[in-house]
Amino acid sequence: MKKIISMLLISAFTVLGLVGCAEVSSDKETVNTPTTEISVAETSGVNDEIETSDIKDTVDESSDKKMLVIYFSATGTTKGIAEKIASVTGADLYEIKPKEPYTDEDLNYNDDGSRATKEQNNKDVRPEYEDIELDIENDYSTIFLGYPIWWGEEPRIIDTFVESYNFDGKTIIPFCTSGSSSIEKSSSNISEKNGTGNWLSGNRFSGSATDDEIKNWLTGLKLLAKD
Ligand SMILES: Cc1cc2nc3c(=O)[nH]c(=O)nc-3n(C[C@H](O)[C@H](O)[C@H](O)COP(=O)(O)O)c2cc1C
């Protein structure tokens, strides 16, 4: 089975690497050397084994509406989407800041030895972040959690975050940005790692997502009224 998954990943690498690269480049995201193929681990095809039955599609209408948008963004793309979500929902906005910020070198996915690649290859790494000056567990009922996709998954610093909180009674809505990879593998990973609360399946945005795209998504979640 491992061999089959490896083969699927390698094919996805080859095919989607180019797509991811084109989109990264057209979005003017700060990603290294667009002339080299990005090794994108697209998740479709290997997702069949992931248990997603606990993930729902809409917000429980009975939840009250105090909202937080909290995100990690290494090069600003997820930050842009987080700002838009906060602006259309009126939610509070907060950035998860790594204690050791990521340099361009750290983010070089063409380098097997770069910090980000090494972290993604080790599922046990938990990068630290600066203290979060919010009382997330007591003050919010709906939490949007944003991050970039790294090697098909959530950055390990997001694992640090989700393992630090009890989200009982809350709705958590993941969102991500990426060159092309979908959100499913990461949202499944982090809902499992957290193990509390009501996790929605989440949404992937490109860096160029418009306010209307974001509004339509929120309307579908019953978080915004239809015009
Ligand atoms: C280390 C690293 C790995 C990445 N892996 C993927 C990937 O597997 N799939 C993908 O579509 N994009 C991948 N990307 C591209 C980012 O997901 C994309 O540029 C994202 O929008 C960056 O968000 P940020 O600016 O908020 O950090 C990767 C980028 C980096 C730096």
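For the structure, see preceding data.
Residues numbered from 1 in each chain as written. Predicted model: local features only at pLDDT ≥ 70, side-chain atom pairs only at ≥ 80, totals over all residues.

## Overview of the overall build of the chain
Argument step 1. Within the chain one finds 7 helices and 6 strands.
Argument step 2. When its helices and strands are written in sequence order, the chain yields α-β-α-β-α-α-β-α-β-α-β-β-α.
Argument step 3. Every one of the 227 residues in the chain was classed for burial, and the buried ones make up 36%.
Argument step 4. Here the analysis covers contacts within the chain between residues at least 6 apart in sequence; of these, 78% occur between residues at least 24 apart. (Helix = DSSP H or I, 4+ residues; strand = E, 2+ residues; numbered from the N terminus. Buried ≥ 20, exposed ≤ 12 C-beta atoms within 10 Å, placed from the backbone. Contact = placed C-beta atoms within 7 Å.)

## Structural notes on the packing of helix α2 (residues 77-89) against helix α7 (residues 211-220)
Angle between the axes and distance between the axes: these two values describe a pair of packed helices.
Argument step 1. One can describe the packing of α2 onto α7 by two numbers: an axis separation of 10 Å at closest approach and a directional angle of 60°. As far as their axial angle goes, α7 and α2 are oblique. Handedness of the crossing formed by α2 with α7: right-handed. Taken together, the residues of α7 that come into contact with α2 (itself represented by Lys84, Ile85, Val88 and Thr89) are Asp211, Ile214, Lys215 and Leu218. (Axes fitted to C-alpha atoms, helices over the stretch in contact; angles between N-to-C directions. Parallel < 35°, antiparallel > 145°, perpendicular 65-115°, else oblique. Left-handed = near helix turned anticlockwise from the far one by under 90°.)

## Some details on the pairing of strand β3 (residues 142-148)
Argument step 1. When you tally the buried positions in β3, you get 7 out of 7 residues, the bulk of the element.
Argument step 2. Residue alternation in β3 divides its side chains into two sets, Thr142, Phe144, Gly146 and Pro148 and Ile143, Leu145 and Tyr147, and both sets are buried.
Argument step 3. For strand β1 (residues 67-71) and β3, the ladder comprises 5 bridges, and the chain directions are parallel. When the sheet's bridge partners are listed, leucine 68 is paired in β3 with isoleucine 143.
Argument step 4. Taken together, the 7 bridges between β3 and strand β4 (residues 171-177) define a ladder with parallel strand orientation. Bridge pairing in β4 places isoleucine 143 opposite isoleucine 172.
Argument step 5. Read from β3 through helix α5 (residues 156-162) to β4, the crossover connection turns out right-handed. (Pairing = 2+ DSSP bridges. Right-handed = clockwise from strand over helix to strand, strands pointing away.)

## A few points about the pairing of strand β2 (residues 92-95)
Argument step 1. Relative to β2, β1 runs parallel, the two sharing 4 bridges. By the bridge assignment, leucine 68 is partnered in β2 with aspartate 92.

## Here we look at the nonpolar core
Note on soluble globular proteins: their nonpolar side chains tend to be buried together.
Argument step 1. Within the largest apolar cluster, 35 residues are counted, with the highest numbers of intra-cluster contacts made by Leu68, Val69, Ile85, Ile143, Phe144 and Ile158.
Argument step 2. Of the residues forming this core, the biggest block, 5 residues, is contributed by β1.
Argument step 3. The contacts of isoleucine 158, once residues within four sequence positions are left out, are Phe72, Tyr147 and Ile190. (Core = buried A, V, L, I, M, F, W, Y, C linked by C-beta atoms within 7 Å.)

## Describing unusual backbone geometry
Argument step 1. Positive phi is not limited to glycine here, since tryptophan 151 has a value of about 50°.
Argument step 2. Note that tryptophan 151 resides in the loop between β3 and α5.
Argument step 3. You will see that lysine 222, though not glycine, has its phi angle at about 65°, which is positive.
Argument step 4. Note on placement: lysine 222 falls in the segment after α7.
Argument step 5. Here lysine 222 falls in the partly exposed class, since 13 other C-beta atoms lie within 10 Å of it.

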